[in-house]
Amino acid sequence: MKIQSLLFVLILALSHWSCSVLKNNTSKNLLKIIQKEDQNRVDVLVGDDLITSYQWPESIFKPVLYPIRTLDGKEVTRGFPIAPREGERADHKHHVGMWLNYGNVNGIDFWGHGAEGLTRSNLGTIEHGEIQEFSSNNNTGKLKVSATWVGPMGNDMIAEETAFNFRVVDNYTFLIDRTTTLTAVNGNANFNDTKEGSFAIRVNRNLELPSEGGVTVLEKEGEEWKKVKKESNKNVSGNYLNSYGVTGLEVWGKRARWVSLSGEIDGNEVSLIIFDHPENVNYPTYWHARGYGLFSANPFGVKDFTDGDEELNFSIDNGTSFTMKYRTIICSGKTLSDEEINALADEFGRPNGSF
């Protein structure tokens, strides 16, 4: 009788412990999407922690995901120009968070507008339209939005429909899939070859590649920010690796199905991996990936990437569409093996692979 009582108590204790662990893990990885349209943003949280926001500040001239953080709170995006941080670069004001646009559509620059506002006659903007749908379920979430690519004369050029899928893979890994369909309106849309594009993220200074010579960074003096030249590569630890084994700065202008950028933030291993999709234009894409923190997939810039040996000059007729799909993995606290990365790429490439 005593043995039966002890077993009963033990079973109850184990049951309570397992339910408690399950509850804690579920709570920890529970993904929520919260609309804050009066603040021009939609927040994505895991547990109580902000992981990213879809937002459209008037000063940025395009919708972006900003900031982007790891599941343990490391910010992988550069703060400037929205929220500058000590010691980071203040170049390329148009590199904000994660975005998709292009530098030459019918001669209009949708890439460089943030650097100068709209001071040049060939600068376009991408205007947020509406939040069409959002939902979350346990460790996944979806967000659908619309936008319009507008020329400098206020003329609509491209209608955009974008779906984001978010997923907590495990305690270390967060995933963002983006599917964007672009439709030419009021005429054909010609994506003339340029390296300035197209699906991109501008990363934390820690994830830049170490460089030779001085780097101009931000320092705060009282309430004012100033730019100073520094010689140090302290805490700069990034390195690229592509799906063909090419590393470092050599990934620039090369084709690959994925590229990984890894380094350390506050002593923690952090990796960003961007995947091209087999159905995308000009797969596997070229990569406009720079040492100073610009990490971009660009299928359209063939002439620049081949030193003029080849050209693409992709075009869509008025009223027709094409779709681009990209997956981004944000991992902290462990390093994904090539086998794990390729498995995630294979999953993404399957029909309905973006869950």
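Since the structure is predicted, the reported quantities are computational estimates derived from the model, not experimental observations. (Residues numbered from 1 in each chain as written. Predicted model: local features only at pLDDT ≥ 70, side-chain atom pairs only at ≥ 80, totals over all residues. Heavy atoms only, no water.)

Chemist: Hey, could you run me through the overall build of the protein in this one?
Modeler: Looking only at helices and strands, the protein features 4 helices and 20 strands. Its C-alpha radius of gyration of 22 Å places the protein within 12% of the 20 Å reference for a compact globule of 355 residues. Counting only C-alpha atoms and orienting by the principal axes, one finds that the protein spans roughly 90 × 50 × 45 Å. When the 355 residues of the protein are sorted by exposure, 49% land in the buried category. Expressed as a percentage of contacts within the protein between residues at least 6 apart in sequence, the contacts between residues at least 24 apart total 58%. For the protein, the computed accessible surface area is about 16300 Å², with 49% contributed by carbon and sulfur atoms. Separation of charge centres in the protein, based on 36 positive and 47 negative side chains, amounts to 5 Å. (Helix = DSSP H or I, 4+ residues; strand = E, 2+ residues; numbered from the N terminus. Rg over C-alpha atoms; globule rule 2.2 N^0.38 Å. Buried < 20%, exposed > 50% of the residue type's maximum accessible area, 1.4 Å probe, protein only. Contact = heavy atoms within 4.5 Å. Areas by Shrake-Rupley, 256 points an atom, 1.4 Å probe, with all protein chains shown as cover. Lys, Arg positive; Asp, Glu negative; His and termini not counted. Charge placed at Lys NZ, Arg CZ, Asp CG, Glu CD.)

Chemist: How do you make sense of a negative patch on the surface when you look at a structure like this?
Modeler: Where like charges cluster on the molecular surface, the negative patch consists of E37, D38, E130 and E161. Note on placement: D38 falls in the loop between β1 (31-36) and β2 (41-46). (Patch = residues over 30% accessible without salt bridge, like charges linked within 9 Å, V, L, I, M, F, W, Y side chains within 5 Å. Salt bridge = Lys/Arg side-chain N within 4 Å of Asp/Glu carboxyl O.)

Chemist: Would you mind showing me how to read unusual backbone geometry here?
Modeler: The phi angle of most residues is negative, glycine excepted, and most peptide bonds adopt the trans form. Residues F80 and P81 are joined by a peptide bond in cis, for which omega reads 5°. The omega torsion across G197 and S198 is -10°, close enough to zero to call that bond cis. Inspection of the secondary structure puts S198 in strand β11 (residues 197-202). Phi is positive for N282, close to 60°, though the residue is something other than glycine. Tracing the chain through its elements places N282 in the loop between β16 (268-276) and β17 (286-287).

Chemist: Help me out: how do you make sense of the pattern of salt bridges in this one?
Modeler: It is possible for side chains of opposite charge to pair when their charged atoms get near one another. According to the stated counting rule, one finds 23 salt bridges in the structure shown. For the salt bridge of D91 with R202, the shortest nitrogen-to-oxygen distance reads 2.8 Å. You can see D91 sitting in the loop between β4 (64-68) and β5 (98-102) and its partner R202 sitting in strand β11, a full 111 residues away along the chain. Assessed through its relative accessible area of 23%, D91 is described here as partly exposed. Note that E221 and K226 form a salt bridge whose closest N and O atoms lie 2.7 Å from each other. Through salt bridges with shared partners, a single network forms among R69, E75, R85 and E88.

Chemist: Teacher, can you tell me more about empty space enclosed by the protein here?
Modeler: Any empty space left between atoms is shown by rolling a water-sized probe over those atoms. Applying the stated criterion across every chain yields a total of 2 cavities of 30 Å³ or more. Size it by volume and the largest cavity reaches roughly 70 Å³. Surrounding the largest cavity, Y54, K62, P63, W99, L100, I126, E160, F164 and R178 form its lining. Put simply, the parts of the chain that give the lining of the largest cavity at least two residues each are β5 and β8 (156-168). Put simply, the second largest cavity is a space of about 30 Å³. (1 Å grid on protein atoms, 1.4 Å probe; cavity = no way out; pocket = protein on both sides within 12 Å on 5 of 7 lines; lining within 4 Å. Points joined across faces, edges and corners; volume = space filled by probe spheres on them.)

Chemist: Is there a simple way to explain the packing of aromatic side chains in this structure?
Modeler: To describe a pair of aromatic rings, one takes the distance between the centres and the angle between the planes. Under the criterion given, the structure shown has 19 aromatic pairs. With a centroid separation of 5.0 Å and 50° between ring planes, the pair formed by F110 and W149 is classed as tilted. Note that F110 is positioned in the loop between β5 and α2 (113-116) and W149 in strand β7 (residues 140-150), a separation of 39 residues in sequence. Neither F110 nor W149 differs from the other in exposure class; each is buried. Members of the aromatic cluster, each reached through a chain of ring pairs, are Y54, W56, F164, F166 and F174. Positioned above the aromatic ring of W99 is the side chain of K62, whose terminal nitrogen or guanidinium carbon lies 5.2 Å from the ring centre. (Phe/Tyr/Trp six-rings, centres within 6.5 Å; stacked < 30°, edge-to-face > 60°. Lys NZ or Arg CZ within 6 Å of the ring centre and 35° of its normal.)

Chemist: Explanation requested: the layout of surface pockets in the structure shown.
Modeler: In this model, the largest pocket occupies a volume close to 350 Å³. Contributing to the lining of the largest pocket are 16 residues, with E86, G87, E88, R205 and K234 lying nearest its centre. Grouping the amino acids of the lining of the largest pocket by side-chain chemistry returns 3 nonpolar, 6 polar and 7 charged. What lines the second largest pocket is N40, W56, P57, E58, F61, K62, P63, T125, I126, E127 and H128. Looking at the lining of the second largest pocket residue by residue, the class counts come to 5 nonpolar, 3 polar and 3 charged. (Nonpolar A, V, L, I, M, F, W, Y, C, P; charged D, E, K, R; others polar.)

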